[in-house]
Structure formats: C-alpha cells, structure tokens
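Chain by chain, the residues run as shown.
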Amino acid sequence: MLNNVRNHEAYLKFVVDQLTIHYHSKEFLKDFYSNQIVWCSLIDLTDTASLMENRYSSNPRGRKPRNPCDMLRSLLLMHFQKETSVDKWVFTLKTNLIFAILSGFSPDDVPGVGTFYDFFKRLWIHSSPHLSKRSKRKLKKPRKKERKIKSWTLKIQVY
C-alpha cells in the first residue's frame with residue numbers, strides 16, 4: 001500500500017526547502033549543479049506510483065515502502081550522472097547531499113543498496129528473474145588429485 005506518494009509540486013517544494021536549509025550559497029548550486037536541478041524539476045513522475053501500485057503489498061505490517069517516484073527519479077539521476085554501480089550511487093547519495101535532495105530523499109534518510117535492488121525486482125514485471133530460458137550452470141568443486149610421492153634415496157659412497 002503506497003501512502004507516502006507526493007505530487008510534483010510537493011516534490012519541488014521539498015527540493016527548494018531542503019536546498020535553502022543545506023546550501024546557503026545559491027551561486028555554488030548554479031555553477032555546478034544547474035543541469036541536474038533543471039533536469040529533475042522538469043520530470044514529473046507522479047504517475048509512477050499508480051502504475052506500480054500492484055507491485056507493493058497491501059499488508060500494513062513491516063516497514064513502509066519508499067516512494068516509487070523518488071526511487072525512479074534517483075535511478076534516472078544516476079543514469080544522468082553516468083554512474084553504473086548502485087553501490088557507488090548510494091555512496092554518492094550519502095556523501096553528496098544535493099543528489100539525495102534532488103532524488104527526493106531527506107539527506108539523513110537515504111535508502112540503502114538493498115532497497116534499490118528490491119525496487120529493481122518491482123520494476124521487473126515478468127514472472128521469471130531472467131529473460132533467457134536456460135538454467136544456471138552449477139559449478140562443482142574440483143577434486144584434489146592425490147600426489148604420488150617419490151622417495152629419493154641418496155647413495156653415499158664411503159671412501
């Protein structure tokens with residue numbers, strides 16, 4: 001059940017509020033992050049939640065799910081930054097506050113690597129985890145070969 005979904009206007013208000021709290025110099029943001037800020041502000045991902053609603057459990061127990069709009073926005077921002085590793089991206093989100101804010105996360109509440117991989121599973125609609133039908137090959141441990149120990153005898157000649 002998705003209860004924490006916000007619309008695009010609420011997301012933009014969140015971004016503006018967080019940027020004013022954490023960054024006092026607007027020139028710094030304009031010089032280094034203007035492309036990312038404009039790019040994230042133009043993408044309205046509000047309909048993502050309604051498209052993915054059936055991929056989330058309706059059971060109220062457990063941790064509340066992350067906003068799928070924020071998760072998808074973060075993955076798109078990761079692609080925009082040309083980052084291919086989720087591990088490195090989570091490290092970037094935790095160390096560079098502006099990417100966490102632009103993704104829609106509070107800087108002190110950034111999702112972990114496992115949360116992104118769970119989101120990948122929710123994005124994948126097909127019943128099987130892979131496209132191909134072939135099964136995974138199981139590798140066996142190689143047997144240890146017995147070595148034949150040659151005994152060398154030294155012949156000592158006594159003079």
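Above this text you will find the structure in question.
About the criteria used
- Residues numbered from 1 in each chain as written.
- Predicted model: local features only at pLDDT ≥ 70, side-chain atom pairs only at ≥ 80, totals over all residues.
- Heavy atoms only, no water.
- Helix = DSSP H or I, 4+ residues; strand = E, 2+ residues; numbered from the N terminus.
- Polar contact = N/O pair within 3.5 Å; in protein donor to acceptor, adjacent residues only side chain to side chain.
- Contact = heavy atoms within 4.5 Å.
- Expected span 1.5 Å × (residues − 1).
- Buried < 20%, exposed > 50% of the residue type's maximum accessible area, 1.4 Å probe, protein only.
- Salt bridge = Lys/Arg side-chain N within 4 Å of Asp/Glu carboxyl O.
- Phe/Tyr/Trp six-rings, centres within 6.5 Å; stacked < 30°, edge-to-face > 60°.
- Lys NZ or Arg CZ within 6 Å of the ring centre and 35° of its normal.
- Arc of directions from axis to C-beta.
- Axes fitted to C-alpha atoms, helices over the stretch in contact; angles between N-to-C directions.
- Left-handed = near helix turned anticlockwise from the far one by under 90°.
- Nonpolar A, V, L, I, M, F, W, Y, C, P; charged D, E, K, R; others polar.

Overview of the side chain of Arg 66
Line of reasoning, step 1. With respect to the element layout, Arg 66 can be found in the loop between α3 (47–52) and α4 (68–80).
Line of reasoning, step 2. Of the polar contacts made by the side chain of Arg 66, one reaches the backbone oxygen of Asp 109; its length is 3.1 Å.

So, the side chain of Ser 103
Line of reasoning, step 1. Relative to the assigned elements, Ser 103 resides in helix α6 (residues 97–103).
Line of reasoning, step 2. Once you skip the residues sitting within four places of it in the chain, Ser 103 turns out to touch Tyr 11, Asp 70, Arg 73, Ser 74, Leu 77, Trp 89 and Leu 93.

Topic: α4
Line of reasoning, step 1. Taking 1.5 Å per residue as the helical rise, α4 with its 13 residues ought to reach 18 Å, and the 18 Å between its terminal C-alpha atoms agrees with that figure.
Line of reasoning, step 2. Burial in α4 covers these residues: Pro 68, Cys 69, Asp 70, Met 71, Arg 73, Ser 74, Leu 75, Leu 77 and Met 78.
Line of reasoning, step 3. For α4, the side-chain oxygen to backbone nitrogen distance between the N-cap and Cys 69 is 3.1 Å, and the N-cap itself is Asn 67.
Line of reasoning, step 4. Of the residues one or two after α4, Lys 82 is the one with positive phi, at around 60°.

Looking at the pattern of salt bridges
Line of reasoning, step 1. Enumeration over the complete set of coordinates arrives at four salt bridges.
Line of reasoning, step 2. For the salt bridge of Asp 70 with Arg 6, the shortest nitrogen-to-oxygen distance reads 3.1 Å. A residue pair is termed long-range when its members are at least 10 positions apart, and Asp 70 in helix α4 and Arg 6 in the segment before α1 (8–22) qualify at 64 residues.
Line of reasoning, step 3. Taking the relative accessible area as the measure of exposure, Asp 70 reaches 6% and is therefore buried.

A word on the packing of aromatic side chains
Line of reasoning, step 1. For the structure shown, the criterion picks out four aromatic pairs.
Line of reasoning, step 2. Judged by centre distance (5.7 Å) and plane angle (90°), the rings of Tyr 33 and Phe 99 are edge-to-face. Separated by 66 residues along the polypeptide, Tyr 33 in helix α2 (residues 26–42) and Phe 99 in helix α6 bring together distant segments of the chain.
Line of reasoning, step 3. Classification of Tyr 33 as buried rests on a relative accessible area of 13%.
Line of reasoning, step 4. Each member of the aromatic cluster is reached from another via a ring pair, and the members are Tyr 33, Trp 89 and Phe 99.
Line of reasoning, step 5. Directly above the ring of Phe 14 sits Arg 6, whose terminal nitrogen or CZ lies 4.6 Å from the centroid.
Line of reasoning, step 6. It is Arg 73 that lies over the ring of Tyr 11; its NZ or CZ is 3.6 Å from the centre.

Points about helix α5 (residues 86–95)
Line of reasoning, step 1. The set of residues buried in α5 consists of Val 86, Trp 89, Val 90 and Leu 93. With its buried residues spanning 100° around the axis, α5 presents them on a single face. Exposed side chains of α5 directed beyond 90 degrees from the buried face belong to Lys 88, Phe 91 and Thr 95.
Line of reasoning, step 2. In this structure, the buried residues of α5 make contact with α4, α6 and α7 (113–123).

Description of the packing of α2 against α4
Line of reasoning, step 1. Contact geometry for α2 and α4: axes closest at 11 Å, N-to-C directions at 145°. Crossing hand, α2 versus α4: right-handed. Counted together, Asn 35, Gln 36, Trp 39 and Cys 40 of α2 and Leu 76, Leu 77 and Phe 80 of α4 form the full contact between these two elements.
Line of reasoning, step 2. Split into classes, the residues belonging to the contact of α2 with α4 amount to five nonpolar, two polar and no charged.

Topic: the environment of Leu 77
Line of reasoning, step 1. Following the sequence through the fold, Leu 77 ends up in helix α4.
Line of reasoning, step 2. Not counting the four nearest positions on each side in its chain, Leu 77 is found in contact with Gln 36, Trp 39, Cys 40, Trp 89, Phe 99, Leu 102 and Ser 103.

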